[in-house]
Amino acid sequence: MTENRDPARVRLAYEDGTVRVEGPASLVADLPGVADDPRSGTARAPAFRYRDLREALAARGVACEDRVLRPDAERDLALSTTYRLREYQRDALDAWRGNDRRGVIELPTGAGKTVVAVAAMAELGVPTLVVVPTVDLLEQWRRELAAEFDVPVGQLGGGEQRVEALTVSTYDSAYLRADDVGDAFGLVVYDEVHHLGGEGYRDSARLSAAPARMGLTATFERPDGAHEAVADLVGPRVYRADVDDLAGEHLAEYDVRRLEVELTDAEREAYEEAQGTFVDYLKRSSLSMTSGSDYRKLVMRSGSDPAAREALLAKQRARRVMMNSEAKVEALADVLDRHRGDRVIVFTAHTDLVYRLSERFLLPAITAETGASERREILRRFRAGEYSRVVAANVLDEGVDVPDANVAVVLSGSGSEREFTQRLGRVLRPKADGGRATLYEVVSAETAEERVARRRR
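Residues numbered from 1 in each chain as written. Predicted model: local features only at pLDDT ≥ 70, side-chain atom pairs only at ≥ 80, totals over all residues. Heavy atoms only, no water.

Caption draft 1: Highlighting the overall build of the chain. Along its length, the chain carries 18 helices and 19 strands. Since a compact globule built from 457 residues should have a radius of gyration of about 23 Å, the 25 Å found for the chain is in line with a globular shape. Here the C-alpha coordinates of the chain stretch approximately 85 × 55 × 40 Å along the principal axes. Out of the 457 residues in the chain, the part that is buried amounts to 54%. Within the chain, residue pairs in contact and separated by at least 24 positions form 71% of the contacts whose partners lie at least 6 positions apart. As displayed, the chain offers around 20300 Å² of accessible surface, 46% of which is attributable to carbon and sulfur atoms. (Helix = DSSP H or I, 4+ residues; strand = E, 2+ residues; numbered from the N terminus. Rg over C-alpha atoms; globule rule 2.2 N^0.38 Å. Buried < 20%, exposed > 50% of the residue type's maximum accessible area, 1.4 Å probe, protein only. Contact = heavy atoms within 4.5 Å. Areas by Shrake-Rupley, 256 points an atom, 1.4 Å probe, with all protein chains shown as cover.)

Here you go:
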């Protein structure tokens, strides 16, 4: 461990996504996150521990020579905002501030999470990096910040690599550029922060020394428990309001209606045969499918075990039958007829069903195969009222600025609470006429989809 020339002082410096720590061994050894680096003969900590290091040294009365952040990373940008926060948004900002400007804010889709972040940026007035999961959100955030603050806004991702005092980045670009920009910002805002739980994306937070951190999400907890890693990197959940807390005053009142439909005789036969193959394999194996880890084990086994592969394929066949049944299409026809004057978004899990519905009902279709320019044009026309209905396969669940609608139809989906919350949120923005929003769940009776629907609720 390198000894500092001044034995009474500890020196901190940013280096390759870490904080290099130099000083007397007695002062350095038990600092938060610090470990010896034999290659350089120094001690280091992950960059995200920077604020913890400063606090630990201050608590011990140890002098610190701090060269971690760039000289302009905490300069005053003199930002101001015209937003007027609603009471719950003020409460969220207060809770974040009260946790020393670290933590996750959980609010429903449409409740104005962006507004809280913009208020935090104006309050701190320091260079800020906003990290988002999609190019659509990248462009949305950049427009929002440029309009609100009237300053140049940098962009990392979507074909640009330009850093400004206020910069918006995709998670991918933030990860790839983490070493370069980890010392450039005093605040980092992670939109859809649950994505940070992915192992690859965590380094975008680990390698950043930004002292202030805010996470935004509609659903913080992840089934795989990775939200615990997010809490370590960004801070714990400091504020939460769900849909029912805000419905009526700040979000539209809503109804969730479940429509059960029957499989045809041919569909029932195909479903029972495929589901039977799958269940028979589970009985012979040690898998119960009560968790995502069991499904991953099945996938791994399918690479070398023919019976496991057949069981996996059978499960997929059964899933397709129950999620894409003919009765669901007829149920959708009834819903569309009932809501002729409404703005409707139809959600499915499978691309082929999207195209089937698009052809039958003449609905604009958005899938993962839809180009970015075509998707933007469809949503522009939906926003302008030229289209009143659109059908999509998963791609509108999050990360896309979706225009207001008042009816959602979930023809198929996963058991994810996050997915359900995001889809419901697409119809919850307050209506000019004070009208209620409606979400229909269309479920195939006496199939595994009944259990899936219960799980996501």
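Caption draft 2: A look at the sheet that holds strand β9 (residues 160–162). Pairing is mixed across the open sheet formed by 8 strands, whose spatial order is β9-β8-β10-β7-β11-β12-β6-β13. Two strands in the sheet have a free side with no partner beyond their single neighbour: β9 and β13 (237–240). Averaged over all pairs of adjacent strands, the angle between strand axes in this sheet comes to 20°, irrespective of strand direction. With 5 bridges joining them, strand β7 (residues 128–132) and strand β10 (residues 166–170) adopt parallel strand pairing. Bridging from a neighbouring strand, V130 pairs with V168 of β10. (Pairing = 2+ DSSP bridges. Axes fitted to C-alpha atoms, helices over the stretch in contact; angles between N-to-C directions.)

Caption draft 3: Here's a closer look at empty space enclosed by the protein. Scanning all chains against the criterion turns up 1 cavity of 30 Å³ or more. The volume enclosed by the largest cavity comes to roughly 70 Å³. Contributing to the lining of the largest cavity are L129, V131, A174, A178, V181, G182, F185, V188, Y190, S204 and S208. Every element with two or more residues in the lining of the largest cavity is listed here: β7, α7 (178–181) and β11 (187–191). (1 Å grid on protein atoms, 1.4 Å probe; cavity = no way out; pocket = protein on both sides within 12 Å on 5 of 7 lines; lining within 4 Å. Points joined across faces, edges and corners; volume = space filled by probe spheres on them.)

Caption draft 4: Region of interest: helix α14 (residues 326–338). Between the first and last C-alpha of α14 there are 19 Å, a value that for 13 residues agrees with the 18 Å anticipated at 1.5 Å per step. Along α14, the positions that sit buried rather than exposed are A327, K328, V329, A331, L332, A333, V335 and L336. (Expected span 1.5 Å × (residues − 1).)

Caption draft 5: Representation of the sheet that holds strand β18 (residues 407–410). Ordered in space as β14-β19-β18-β15-β17-β16, the 6 strands form an open sheet in which the pairing is parallel. Both outer strands of the open sheet, β14 (254–261) and β16 (365–366), are each paired with one neighbouring strand and no more.

Caption draft 6: Expanded view of the confidence of the model for the chain. Summarising the model, the chain shows a mean pLDDT of 87, and 93% of its residues fall at 70 or more. The low-confidence segment residues 1–5 (pLDDT under 50) makes 19 contacts with residues lying over four places distant or belonging to another chain. (pLDDT = per-residue confidence, 0-100.)

Caption draft 7: Expanded view of the pairing of β10. Among the 5 residues of β10, 5 are classified as buried, and the element is accordingly described as predominantly covered. Judged by which residues are buried, β10 turns out to be covered on both faces: L166, V168 and T170 on one side and T167 and S169 on the other are all buried. In this sheet, β10 lies alongside strand β8 (residues 153–157) in parallel orientation, the contact comprising 4 bridges. Each residue of the ladder has a partner; that of G154, found in β10, is T167.

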